[in-house]
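Fold and geometry: a report
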Amino acid sequence: MTSTPVKIPFVDLSLQHQPIQEQIEQAMQTVARKGNFILGQELAEFEQAFATACGVEYGIGVACGTDAIAIGLHACGIGEGDEVLIPANTFIATLIGVLRANATPILVDCDPDTALIDLEAAEKAISPKTKAILPVHLYGQMVSPSQLQDFAQKHNLIIFEDAAQAHLAEREGHRAGSIGTAAAFSFYPSKNLGAFGDGGIIVTRDEKVAKIARSYRNYGCSTKYVHVEAGTNSRLDTLQAAVLKVKLPHLHGWNQSRNQAAQYYDRALASLKEKGIIPLENQCGDSHIYHLYVVRITSPCSLKREDIQGKLAEEGIQTGIHYPIPCHLQPAYQFLGYKTGDFPNAEMLAQEIVSLPMYPGLNEAQVQQVVEALARIVG
């Protein structure tokens, strides 16, 4: 039995890499000639360039986005006995990062229209132990900076952003990573700014936070062989930093291309709303960077989500689900004490959402092909 050839992939990285392949190879060869593979010059240059792009002063490259959360929270003074508010509908790395900082994750529900953290629900979850809120700028859309800052000021909380899907996203004049004390980004290959492997970065405008994070990622060293705290080994490789440095100047254009593709989707999908196919709400306009384009398959649709995905696959159109199981229902984290029904919006979305193909270079004809296939499938 042969599988259907892919006509429209879920993501196509080649469209980004081919035009700059020579630059990338030259950058990697330069690192190879120098032989400075760990904490090299290219890393320092990329850290500064990315921090500046986010509108802050300091960047600390680490091995992955999960480490960026864990080390970043530690650098912000979050640790044992501290509670951190996080949304229930996020990738599990958000939860793991809090636990690895020895803090306690306190999950809250989300807004069903945007899938972003519900600050009213978060307010009800605050206790005397709550020390931080960790908003996730999900799918490329930022949580409102003004609302976050008002919330944090009212309750005397640190804001630590999970911006793993929000490279250069903007809202209300703020770039992702510039709202609170610090933020974590991932450079997983499929991210809007992706490496050729794993990678992450902490960004902050606080010099003390940057100093602690920079030391902690490198065995807790203040200077070589002088370990001022029990740190870890989590450093963004110089080779990866060199690749990312080449790609960074192109990121804004790639983000614009994603947003344009999303506008094509929005227009094409308008006629399917009565059939129950509803895109998540965009509250950021042109500054939504659409790491993912997510629709809800709601009750007016008579078909199951899995059937729709299967029929799209039969036409060579790949889709995904981000994410099918909320954090509080994951088997490994039942010890946190949550149960089915605790976060109804997150649980509802987990049953409804489908991510459609999205990447820079996705054109209007391809989007139309996806939507026409959807229209045929749902009648």
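Refer to the structure above for everything that follows.
All values reported here derive from a predicted model rather than from experimental measurement. (Residues numbered from 1 in each chain as written. Predicted model: local features only at pLDDT ≥ 70, side-chain atom pairs only at ≥ 80, totals over all residues. Heavy atoms only, no water.)

1. Structural notes on helix H8 (residues 207-216)
We count it as follows: The classification of residues rests on relative accessible area computed with a 1.4 Å probe and restricted to protein chains. Under 20% of the type maximum is buried, over 50% is exposed, and intermediate values are partly exposed. Secondary structure elements follow DSSP: runs of H or I of four or more residues count as helices, runs of E of two or more count as strands, with numbering from the N terminus. The contact rule is simple, with two residues in contact once any of their heavy atoms fall within 4.5 Å. As used in this structure description, the phrase polar contact means that two N or O atoms lie within 3.5 Å; if the pair is within protein, one of them must be able to donate a hydrogen and the other to accept it, and residues adjacent in sequence are counted only when both atoms belong to side chains.
Those residues of H8 that fall on the buried side of the exposure criterion are Val209, Ala210, Ala213, Ser215 and Tyr216. Of the surrounding elements, those touching the buried residues of H8 are strand E1 (58-62), helix H4 (65-75), strand E8 (182-186), strand E9 (200-204) and strand E10 (221-223). The N-cap of H8, judged by a side-chain oxygen 2.9 Å from the amide nitrogen of lysine 208 a few residues on, is aspartate 206.

2. Describing empty space enclosed by the protein
Cut-off, in case you're wondering: Buriedness of a pocket was judged along seven lines, with at least five required to meet protein on both sides within 12 Å; pockets are open sets of points on a 1 Å grid over the protein atoms alone, cavities are sets where a 1.4 Å probe fits but cannot get out, and lining residues have an atom within 4 Å of a point. Grid points are joined across faces, edges and corners, and a volume is the space filled by probe spheres set on the points. Side-chain classes follow a simple rule in which Ala, Val, Leu, Ile, Met, Phe, Trp, Tyr, Cys and Pro form the nonpolar group, Asp, Glu, Lys and Arg form the charged group, and the remainder, Gly included, forms the polar group.
Tallied over the full model, the rule gives two cavities of 30 Å³ or more. Empty space within the largest cavity amounts to approximately 90 Å³. Together, 13 residues line the largest cavity, and Leu280, His288, Tyr290, Leu292 and Val294 are the ones closest to its centre. Counted by class, the lining of the largest cavity contains eight nonpolar, four polar and one charged residues. Roughly 60 Å³ of volume is contained in the second largest cavity. Surrounding the second largest cavity, Asn89, Thr90, Tyr139, His322, Tyr323, Ile325, Pro326, Ala346, Leu349, Ala350 and Ile353 form its lining. The leading source of residues in the lining of the second largest cavity is helix H12 (residues 344-352), at three residues. A per-class count over the lining of the second largest cavity returns eight nonpolar, three polar and no charged.

3. Examining the layout of surface pockets
Computed from the structure, the largest pocket encloses a volume of approximately 520 Å³. Around the largest pocket, the lining comprises 27 residues; the ones closest to its centre are Phe91, Gln165, Tyr188, Lys191 and Tyr323. For the lining of the largest pocket, the secondary-structure elements that each account for two or more residues are H4 and helix H5 (92-100). Broken down by element, the residue count for the lining of the largest pocket peaks at three residues, all from H4. Here the residues of the lining of the largest pocket sort into 13 nonpolar, ten polar and four charged.

4. Some points on the pattern of salt bridges
Note the following rule: Here, a salt bridge means any Lys or Arg side-chain nitrogen found within 4 Å of an Asp or Glu carboxyl oxygen.
Within the structure shown, the criterion is met by twelve salt bridges. Arginine 217 is the partner of glutamate 47 in a salt bridge, and the nearest nitrogen-oxygen pair spans 2.7 Å. Separated by 170 residues along the polypeptide, glutamate 47 in helix H3 (residues 41-54) and arginine 217 in the loop between H8 and E10 bring together distant segments of the chain. A residue is classified by how much of its surface remains accessible, and arginine 217, at 5% relative accessible area, is buried. The partner of arginine 296 in a salt bridge is aspartate 113, with the nearest N and O atoms 4.0 Å apart. A residue pair is termed long-range when its members are at least 10 positions apart, and arginine 296 in strand E13 (residues 293-297) and aspartate 113 in the loop between strand E3 (104-108) and helix H6 (119-124) qualify at 183 residues.

5. Topic: the environment of threonine 238
Residue placement: threonine 238 occurs in helix H9 (residues 238-247). The spacing of threonine 238 and phenylalanine 46 is 192 residues in sequence and 9.3 Å in space, taken between C-alpha atoms. Setting aside chain neighbours within four positions, we find threonine 238 in contact with Val31, Asn36, Phe37, Ile38, Leu39, Gly40, Glu42 and Leu43. A distance of 3.0 Å separates the side chain of threonine 238 from the backbone oxygen of phenylalanine 37, its partner in a polar contact.

6. Side note on the pairing of strand E14 (residues 353-356)
We count it as follows: Only strands that DSSP links by at least two bridges are regarded as paired with each other.
Burial along E14 is two-sided: Ile353 and Ser355 and Val354 and Leu356, pointing in opposite directions, are all buried. As paired strands, E13 and E14 are joined by four bridges and run antiparallel to one another. Its bridge partner being in E14, valine 295 is matched across the sheet by valine 354.

7. What about the packing of H4 against H5?
Relative orientation and spacing of two packed helices are given, respectively, by the angle between their axes and the distance between those axes. Threshold: Fitted lines through C-alpha atoms serve as axes, helices being fitted only where they are in contact, and the angles separating the N-to-C directions of these axes extend from 0 to 180 degrees. What makes a crossing left-handed is the near helix being turned counterclockwise from the far one by less than a right angle; a clockwise turn instead makes it right-handed.
In contact at an axis separation of 8 Å, H4 and H5 are set at 35 degrees when each is read in the N-to-C sense. In this structure, H4 crosses over H5, and the sense of that crossing is right-handed. Note on element contacts: H5 touches H4 through Ala93, Thr94, Ile96, Gly97, Val98 and Arg100, opposite Thr66, Asp67, Ile69, Ala70 and Leu73. Here the contact of H4 with H5 is built from residues that sort into six nonpolar, three polar and two charged.

8. Some words on the sheet that holds E13
Strand order in this open sheet of three strands is E12-E13-E14, and the pairing throughout is antiparallel. Of all the strands in the sheet, the pair left with one neighbour each is strand E12 (277-279) and E14. Averaged over neighbouring strand pairs, the angle between their axes works out to 35 degrees when direction is ignored. Note: E12 against E13, three bridges, orientation antiparallel. Residue isoleucine 278 lies in a different strand from E13, and its bridge partner there is arginine 296.

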